[in-house]
Number of protein chains: 2
Amino acid sequence: MNLHPDYLLNVVNEPADIKKMSLDELKELAAEMRQLVLERAAAIGGHVGPNLGVMELTIAYHYVFNSPHDKIVWDVSHQSYAHKMLTGRKLGFLDPDHYEDITGYTSPEESAHDFFEVGHTSTSISLAVGLAQARDLTKPHSKNNILAVIGDGSLSGGLAFEGLNNAAKLHSNLIIVVNDNQMAIDKDQGGLYKGLKNLRDTNGKSPNNIFKFMGLDYKYVADGNDLQTMINAFRDVKNIDHPIVLHVNTLKGKGYTPAVEHKMEYHWRAPFDLKTGKDKHPVVNGYNEAVLDELDKQIAAGMPVVAINAAIPGVFGLKRFQEAHPDRYFDVGIAEQDSVTTATAMAVAGARPVVFQNSTFLQRAYDQLIHDMALNDSPVVMIVRGGTIAQGSATHQGTFDISMISNLPNIEYLAPTNVEEMVSMLHWALKQREQPVIIRQPEKELLHGKPTQDDYGVINYDVAHHGSEVAIMAVGDFWELGERVYEQLKKKLNIDATLINPKSITGIDQHDLHHLAENHDVVVTLEDGNLNGGFGETIARYYGPTDMKVINFGAPREFADNVPLDVMNEWYHLTPKQIVDDIEKVLHSL
Amino acid sequence: MNLHPDYLLNVVNEPADIKKMSLDELKELAAEMRQLVLERAAAIGGHVGPNLGVMELTIAYHYVFNSPHDKIVWDVSHQSYAHKMLTGRKLGFLDPDHYEDITGYTSPEESAHDFFEVGHTSTSISLAVGLAQARDLTKPHSKNNILAVIGDGSLSGGLAFEGLNNAAKLHSNLIIVVNDNQMAIDKDQGGLYKGLKNLRDTNGKSPNNIFKFMGLDYKYVADGNDLQTMINAFRDVKNIDHPIVLHVNTLKGKGYTPAVEHKMEYHWRAPFDLKTGKDKHPVVNGYNEAVLDELDKQIAAGMPVVAINAAIPGVFGLKRFQEAHPDRYFDVGIAEQDSVTTATAMAVAGARPVVFQNSTFLQRAYDQLIHDMALNDSPVVMIVRGGTIAQGSATHQGTFDISMISNLPNIEYLAPTNVEEMVSMLHWALKQREQPVIIRQPEKELLHGKPTQDDYGVINYDVAHHGSEVAIMAVGDFWELGERVYEQLKKKLNIDATLINPKSITGIDQHDLHHLAENHDVVVTLEDGNLNGGFGETIARYYGPTDMKVINFGAPREFADNVPLDVMNEWYHLTPKQIVDDIEKVLHSL
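Residues numbered from 1 in each chain as written. Chains lettered and ligands numbered in written order. Predicted model: local features only at pLDDT ≥ 70, side-chain atom pairs only at ≥ 80, totals over all residues. Heavy atoms only, no water.

**As for the overall build of chain A**
Inference 1: Across its full length, chain A carries 24 helices and 18 strands.
Inference 2: For chain A, the spread of C-alpha atoms along the principal axes amounts to about 80 × 55 × 55 Å.
Inference 3: Residue burial in chain A is summarised as follows: out of 590 residues, 67% are buried.
Inference 4: A fraction of 76% describes how many contacts in chain A between residues 6 or more apart in sequence connect residues 24 or more apart.
Inference 5: In the structure as shown, chain A presents an accessible area of about 19,400 Å², 51% of it carried by carbon and sulfur atoms. (Helix = DSSP H or I, 4+ residues; strand = E, 2+ residues; numbered from the N terminus. Buried < 20%, exposed > 50% of the residue type's maximum accessible area, 1.4 Å probe, protein only. Contact = heavy atoms within 4.5 Å. Areas by Shrake-Rupley, 256 points an atom, 1.4 Å probe, with all protein chains shown as cover.)

**Section: the packing of aromatic side chains**
Inference 1: Using the criterion set out here, one finds 24 aromatic pairs over all chains in the structure.
Inference 2: Measuring from centroid to centroid gives 5.8 Å for Tyr266(B) and Phe272(B), while their planes differ by 90 degrees, and the two rings are edge-to-face.
Inference 3: By the ring-pair criterion, three or more aromatic residues cluster together here, those being Tyr61(A), Phe65(A) and Phe234(A).
Inference 4: Residue placement shows Arg40(B) over the ring face of Phe93(B); its charged tip is 5.0 Å from the ring centre. (Phe/Tyr/Trp six-rings, centres within 6.5 Å; stacked < 30°, edge-to-face > 60°. Lys NZ or Arg CZ within 6 Å of the ring centre and 35° of its normal.)

**Examining the sheet that holds strand E14 (residues 462–465) of chain A**
All names here are of chain A.
Inference 1: Pairing is mixed across the open sheet formed by five strands, whose spatial order is E14-E16-E15-E17-E18. Single-partner strands in this sheet number two, and they are E14 and strand E18 (549–555). On average, each strand axis in the sheet is inclined to that of its neighbour by 25 degrees, with strand direction left out of account.
Inference 2: Two elements, strand E15 (residues 469–474) and strand E16 (residues 498–501), share three bridges in a ladder whose sense is parallel. Directly across from Ile-472, in E16, lies its bridge partner Leu-499.
Inference 3: Lying on the sheet, helix H22 (residues 535–543) is in contact with E15, strand E17 (520–530) and E18; it crosses E17 at an angle near 155 degrees. (Pairing = 2+ DSSP bridges. Axes fitted to C-alpha atoms, helices over the stretch in contact; angles between N-to-C directions.)

**A look at the relation of the copies chain B and chain A**
Inference 1: When chain B is fitted to chain A, the residual RMSD is 0.0 Å, and the transformation amounts to a turn of 180 degrees plus an axial shift of 0.0 Å. Each copy turns onto its partner about a two-fold axis.
Inference 2: Both copies share a contact surface, since 99% of the interface residues of chain B are interface residues in chain A too. (Least-squares fit on C-alpha atoms with pLDDT ≥ 70 in both.)

**Overview of the nonpolar core**
Inference 1: Counting residues in hydrophobic clusters, the biggest one holds 194 residues, and the most contacted among them are Leu295(A), Leu369(A), Val470(A), Leu526(A), Leu295(B) and Leu369(B).
Inference 2: Excluding residues that lie within four positions of it along the chain, Leu295(A) makes contacts with Val305(A), Phe321(A), Val354(A), Phe356(A), Leu426(A) and Leu430(A).
Inference 3: Formed by 74 residues, the second largest nonpolar core is a distinct cluster that contains Val178(A), Leu199(A), Ala132(B) and Tyr218(B). (Core = buried A, V, L, I, M, F, W, Y, C linked by side-chain atoms within 4.5 Å.)

**Looking at the sheet that holds strand E12 (residues 412–414) of chain B**
Adjacent strands of a sheet pair through backbone hydrogen bonds, lying either parallel or antiparallel.
Residue and element names in this part refer to chain B.
Inference 1: Taking strand neighbours across the sheet as the criterion, the six strands line up as E9-E8-E10-E11-E13-E12 in an open arrangement whose pairing is parallel. Unpaired on one side and paired on the other, strand E9 (329–331) and E12 mark the two borders of the sheet. Averaged over all pairs of adjacent strands, the angle between strand axes in this sheet comes to 20 degrees, irrespective of strand direction.

**Things to note about the interface of chain B and chain A**
Inference 1: With 111 residues of chain B at the contact, the number on the chain A side is 110 residues.
Inference 2: Carbon and sulfur atoms make up 59% of the surface buried where chain B meets chain A, a total of about 9,200 Å² over both sides.
Inference 3: Looking only at chain B, the three residues that lose the most surface to chain A are Phe213(B), Arg541(B) and Arg557(B), adding up to 9% of its buried area.
Inference 4: Glu537(B) serves as the salt-bridge partner of Arg541(A), at 2.8 Å between the closest nitrogen and oxygen.
Inference 5: Applying the counting criterion to the chain B and chain A interface returns 52 residue pairs in polar contact (both at pLDDT 80 or more).
Inference 6: Tallied by class, the residues present in the side of chain B that touches chain A amount to 49 nonpolar, 44 polar and 18 charged. (Buried area = accessible area lost by both parts, 1.4 Å probe. Salt bridge = Lys/Arg side-chain N within 4 Å of Asp/Glu carboxyl O. Polar contact = N/O pair within 3.5 Å; in protein donor to acceptor, adjacent residues only side chain to side chain. Nonpolar A, V, L, I, M, F, W, Y, C, P; charged D, E, K, R; others polar.)

**Looking at the side chain of Asn225(B)**
Residues and elements named next belong to chain B.
Inference 1: Summarising the element assignment, Asn-225 is placed in the loop between strand E5 (217–221) and helix H11 (227–237).
Inference 2: Take Asn-225: its relative accessible area is 10%, and that puts it in the buried class.
Inference 3: A polar atom in the side chain of Asn-225 sits 2.9 Å from the backbone oxygen of Gly-53.
Inference 4: Looking at Asn-225, its side chain comes within polar contact range of the main-chain nitrogen of Leu-251, at 2.8 Å.
Inference 5: Not counting residues up to four positions away in its chain, the partners in contact with Asn-225 are Arg-34, Gly-53, Glu-56, Asn-249, Thr-250, Leu-251 and Lys-254.

**Describing the environment of Leu587(B)**
Residue and element names in this part refer to chain B.
Inference 1: Here Leu-587 is to be found in helix H24 (residues 576–589).
Inference 2: According to the relative accessible area criterion, Leu-587 is buried, its value standing at 16%.
Inference 3: Beyond its immediate sequence surroundings of up to four residues, Leu-587 is in contact with Glu-469, Val-470, Leu-493, Ile-495 and Val-522.

**As for the confidence of the model for chain A**
Inference 1: Taken residue by residue, chain A gives an average pLDDT of 96. The fraction at 70 or more is 100%.
Inference 2: Scoring of the predicted complex yields 0.97 for pTM and 0.97 for ipTM. (pLDDT = per-residue confidence, 0-100.)

**Here's the deal with the pattern of salt bridges**
Inference 1: Going through the model one piece at a time under the given rule, you end up with 48 salt bridges over all chains.
Inference 2: Arg364(A) serves as the salt-bridge partner of Glu336(A), at 2.9 Å between the closest nitrogen and oxygen. Pair noted here: Glu336(A) is in helix H15 (residues 336–348) and Arg364(A) is in the loop between helix H16 (359–362) and helix H17 (366–374), with a separation of 28 residues, a long-range link.
Inference 3: A relative accessible area of 7% means that Arg364(A) is categorised as buried.
Inference 4: The salt bridge involving Lys490(B) is made with Asp496(B); its shortest N-O contact spans 3.3 Å.
Inference 5: Of the residues examined, Lys490(B) reaches a relative accessible area of 38% and is grouped as partly exposed.
Inference 6: Overall, the relative accessible area of 28% leaves Asp496(B) in the partly exposed class.

**So, the packing of helix H20 (residues 479–493) of chain B against H24(B)**
Residues and elements named next belong to chain B.
Inference 1: Contact geometry of H20 with H24 gives a least axis separation of 9 Å together with a crossing angle of 55 degrees. The orientation of H20 with respect to H24, classified from their angle, is oblique. As for the relative orientation of H20 and H24, their crossing is right-handed in sense. For the pair H20 and H24, the contacting residues are Leu-481, Arg-484, Val-485, Gln-488, Leu-489, Lys-492 and Leu-493 in the first and Pro-576, Lys-577, Ile-579, Val-580, Asp-581, Ile-583, Glu-584 and Leu-587 in the second.
Inference 2: Considered class by class, the residues forming the contact of H20 with H24 number nine nonpolar, one polar and five charged. (Parallel < 35°, antiparallel > 145°, perpendicular 65-115°, else oblique. Left-handed = near helix turned anticlockwise from the far one by under 90°.)

**Here we look at the pairing of strand E10 (residues 352–358) of chain A**
All names here are of chain A.
Inference 1: In terms of burial, E10 is a largely internal element, seven of the seven residues being buried.
Inference 2: Side-chain alternation along E10 places Arg-352, Val-354, Phe-356 and Asn-358 on one buried face and Pro-353, Val-355 and Gln-357 on a second face that is also buried.
Inference 3: Note: strand E8 (residues 305–309) against E10, five bridges, orientation parallel. Looking at the pairing, Val-306 lines up with Pro-353 of E10.
Inference 4: Pairing analysis gives five bridges linking E10 to strand E11 (residues 381–385), with the strands arranged parallel. The partner of Val-354 across the bridge, within E11, is Val-381.

What follows is the structure in structure tokens.
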């Protein structure tokens, strides 16, 4: 049900509808849309501060320009809520029954006003340059404007700089809106932010200007939250015949005091109570806490541990570490490449860096994993979260980590099945100085267990149950699934299967694999990630020349966009019943 | 035999030995070392211009600082020849018998004066920041200097910018030497170079200074090829207590006129004649030529084709394209991320971008492949070279491409076996608008053949010979190896094998695979790349639950540094004899 049938927004079906409105009406619209951002985020979670900050910018854009003839590329696109409300998707904010109809990011499938699916940062300038170059080649006489909106921390990502460098070569229309909300996700994160502050402090007049340095035209807008100012600013640059940077000063969280006062906390919020500001379902992540406990212990014992992350301290609860060890805490900003390369050097030089990464963002540091960390065999320790089949935006799909990491030389990629095992692995990873070690943090509920080895340099599989006929290898997070398959095999087929925790995704235990052949016909692998390039394929290759049958379970080579987990599990044959049925078929064929 | 027993360099066994020399002697040393760079590169190939340009910088460094207590990180490290000569490795330049003893890049295995194996660009600032942070944490009272030498095009790589951003947060010694030789590998490549030119033109005095913008201290050195100037410059910044950028103007190719006049050609040279400057073994790459012919044809027919590369036009012979179609040629500089993301947008907007990539450098755009190109299903066409098991530096090992690309959704990764097939695939890739298509260009000799399909949207394996018992699937470049295995199987085991060209590394032909089971016991996969995450494992997974035996041949999960190809082939069981022996063993076990 539409919670606000009285809102002005109800008459807005397309951007043209706001062009007839008065300034006062547009301001009212901005206030309404701020309320809607809050209500929706409070109900289902979402990006709060970034959206509150760009209301005027967004309204002014659609007021001045003609979307989709003119094209805007939202960087990260987590600040595109107002854009969505004004481009035919208002019901996704007005009506809780339709909250889930729209995604949190731009989506060409949703609207002709969106041009790319985007969820990672720092891509907008390169994308906009590409649109402009294609326009100039294929439709040289069309006069459409191309805009990129970048900021909110994403300007520090190297790709943004590469984009600026090439934008400067363009001889046609391109408007790069730098949405400067003074934040790098967290507070000030490096030299870039010093320079931007200097520009703000001088009302854009400082002669030291990174954009002009690169040959780009430049204008400064001191109050990007004043609607008339933004309208004028956009009018000034509309149809410009060369690239220009419009540096717009905005306030992250504008219009909602808690979001202004706690910018980091309100960057993205899980569902929360709008009155109290408290999380509806507060979570203590036991794995996070256990990791930080171990780091505290090693620091107390004199180990030169440091914690490195790229603008995601919240994911790992790192504020606790930062407060306890401020000189050992490094948030490099949105700069995953730098986080891995810097850690490489720190570890080579004797420190014990622990790098905290989201699987999906770590993709940005693939070459640094290979060419810096692995090639130099640098004993970096890394914790990776988000490598799991989960409901969410395809932009942040985390299931590529096994293929990305486990096929590289020199790296040990460990997959603990419970918290004690994870701590044991971390403890070993920190003590050894032989090689990079990456630990895949479980994402399902906290499990307890007992580590079965303490030196993970050579992996001995943990055979939790010795059985026969069928051996189940359940990797990390899929341990519980393995236990359920074990039980169903017993119940349905009266098979006493062997159940194995392989612990490592890279180091296979050839001894165990060899001896399984003595009294097993089928090996089943279960991994919480993509099958292609995954753990199961390594096992399939091992047994390829032998009589052993191998069945691999995991996710196929595809993107899944906001698909409920239970639906995915059915699709992918990942329910215990489906798995047992599949095993039964193979057993029948023997 | 030492070709120059009379050289002053002969008395230099460690950097301390040059500290006693007079300025005149040091200048003589520089002249000698220039000659040695030329002689060695002419004989076995190597980086010419970059090394000629930094002689004075390198001598001054070792004259002023105390290596390895003070530490220098060479970006890319292809300009470290002089550094090697002065740190105990002179024989690798004086004596042709020892040319091959040293690599073309820094190597901790070679010398305590090298700290990292490096061959990719833009990493040095992050590495140096890491060394500095580790120093400050573990040895806060040691006063050693940490230097990064970056330039020669590598400052445009996004990681360099991420590094600068974080360098500005340091409160201790760090000296970033920007070796500004006015080049971006090729000539001017974007805004960054405009800004650097402005700094040079104003003798470093322009108030618009990207380094100062980021809060970094800054000094300019107008003549980085004057030894006394460089000595003074280094003395000025030695033991500085905060990060500083030393912007040094040098001449790429200094001291050798052809290298100065043809900077791009002399960046790296294959063996050449020092007198005539001509290549000793001129190569015409038939695959390159065929690709460019097809692009010319499509452009003539009106297709909006553009060619994009990231500072490697020489690898693909793209100067020809640039001359014919200057407005359709985009060299983005060293900025692989940008190259893929820009191409994504161009293809979405209707242009037909063809991106030319080296396998090893494409690693830097892994997230752009996933999150930009594949997620948006953008019909980018890409040609990848260097995905081959080859002798060379481990820094540039190209064998990760199959694992990197073929496991991602939406992308079709094609592996032609001959030039006509490659053109046919390219032709289809350009005509279709459904999905990204990447073509793995063969690296072995030019083969001719006949394409067996013209729409590669659904792959039909080409069964070149229908046999029984054993089926050989030979991917791309390994086609000839497949033919030889076929022949040896017939000769040695009297087996009439089936020989298959799978054409695609991603799209498997389930129909063919299914029917192979009717009269085959063993499937053999041959791929010129890493086994882990490779094509063979996909086939092993497919047949995992069946009676079919699968044997995968390829390279193991390891780095191979300058290992001769025939040695690697033996190690990896990739000779026809070894392959047939391995097949025989499996057949005997049936």
